[in-house]
Amino acid sequence: SMATIHQSSAYPCDTNTLTIMLDTDVPLLADLQQNITISGLMGMKNGQGVSMAGPDSGSIALVSDGGVVATSGMWDLETGTLVVSVVSNSTAGMPFGFSFDLINPSSSQDCAEVYVSISGMCFQQVMLETAESSMYGTDLPYQGACTGFNTSTLPVDASPDSFAGYRSHLDNGRCPLMVVEPTLHTTYVSQNSQYPCTENTITVVIASN
């Protein structure tokens, strides 16, 4: 069976789409009023769970892949728990999934250990694994790091504004609820005059991760 999760953003204060994919060796049955419970949706700091920035507790929207689960679930911000109802029978061995949005906090945090349990049958609770993409594995492309330009390559009298750095991939950034440490890089500082008693324009080009 498969039980995976991945996130869309590791940026502080950003809307972060979590996507969960499951398959089971027996079909889930809507007539049994089964629930899928996702727990551990909290950031980790110094080994302790911390709540996400949002949304507030209550009903939150879901995007259902395969139509097995409802289009909304009950979310508890304080405990980091989401309960989702099964509304259509699944097919044994066939993947289905759903996604939902959480709000990242303003400071960095480590990956969470997220678990799934299913009521109505004797499923064991299992930890969701980080889903890999075919191109980047568990890395999150174009997030979490930046590199500056080399001032020696600047043409004479060229504006530095067009020489911004570029974003690199964030190692293991698809890991659920990881948030990177905000970092500000000063990549270029220059002046246009070295003479006494003259107006001097200071130009600063910065980039953050």
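Up top you'll find the structure we're talking about.
So, here's what we can say about the structure.

What counts as what
Residues numbered from 1 in each chain as written. Predicted model: local features only at pLDDT ≥ 70, side-chain atom pairs only at ≥ 80, totals over all residues. Heavy atoms only, no water. Buried < 20%, exposed > 50% of the residue type's maximum accessible area, 1.4 Å probe, protein only. Helix = DSSP H or I, 4+ residues; strand = E, 2+ residues; numbered from the N terminus. Pairing = 2+ DSSP bridges. Polar contact = N/O pair within 3.5 Å; in protein donor to acceptor, adjacent residues only side chain to side chain. Contact = heavy atoms within 4.5 Å.

This brings us to the pairing of strand β10 (residues 96-103). The buried fraction of β10 amounts to six of the eight residues, a majority that puts the element mostly inside the structure. Pairing analysis gives eight bridges linking strand β2 (residues 15-23) to β10, with the strands arranged antiparallel. The residue of β10 that forms the bridge with L18 is F100. Relative to β10, strand β7 (residues 63-65) runs antiparallel, the two sharing three bridges. The residue bridging S64 from the neighbouring strand is F98, located in β10.

Position of T24 relative to the elements: it lies in the loop between β2 and β3 (35-39). Side-chain polar atoms of T24 contact the backbone oxygen of V26, separated by 2.5 Å. For T24, the contacting residues outside a window of four places in its chain are S1, S90, A92, G93, I118 and F123.

Moving on to the environment of M127. Within the secondary structure, M127 sits in strand β12 (residues 126-127). For the pair M127 and S117, spaced 10 residues apart in sequence, the C-alpha to C-alpha distance is 9.0 Å. Those residues in contact with M127, other than ones at most four positions away along the chain, are A3, E113, V114 and Y115.

Right, let's talk about the environment of Q34 for a bit. Its location among the elements puts Q34 in the loop between β2 and β3. Measuring from C-alpha to C-alpha, the distance between Q34 and V87 comes to 8.3 Å, with 53 residues separating the pair along the chain. Excluding residues that lie within four positions of it along the chain, Q34 makes contacts with L28, L29, V84, S85, V86, I118, S119, G120, M121 and F123. Side-chain polar atoms of Q34 contact the backbone oxygen of S119, separated by 2.9 Å.

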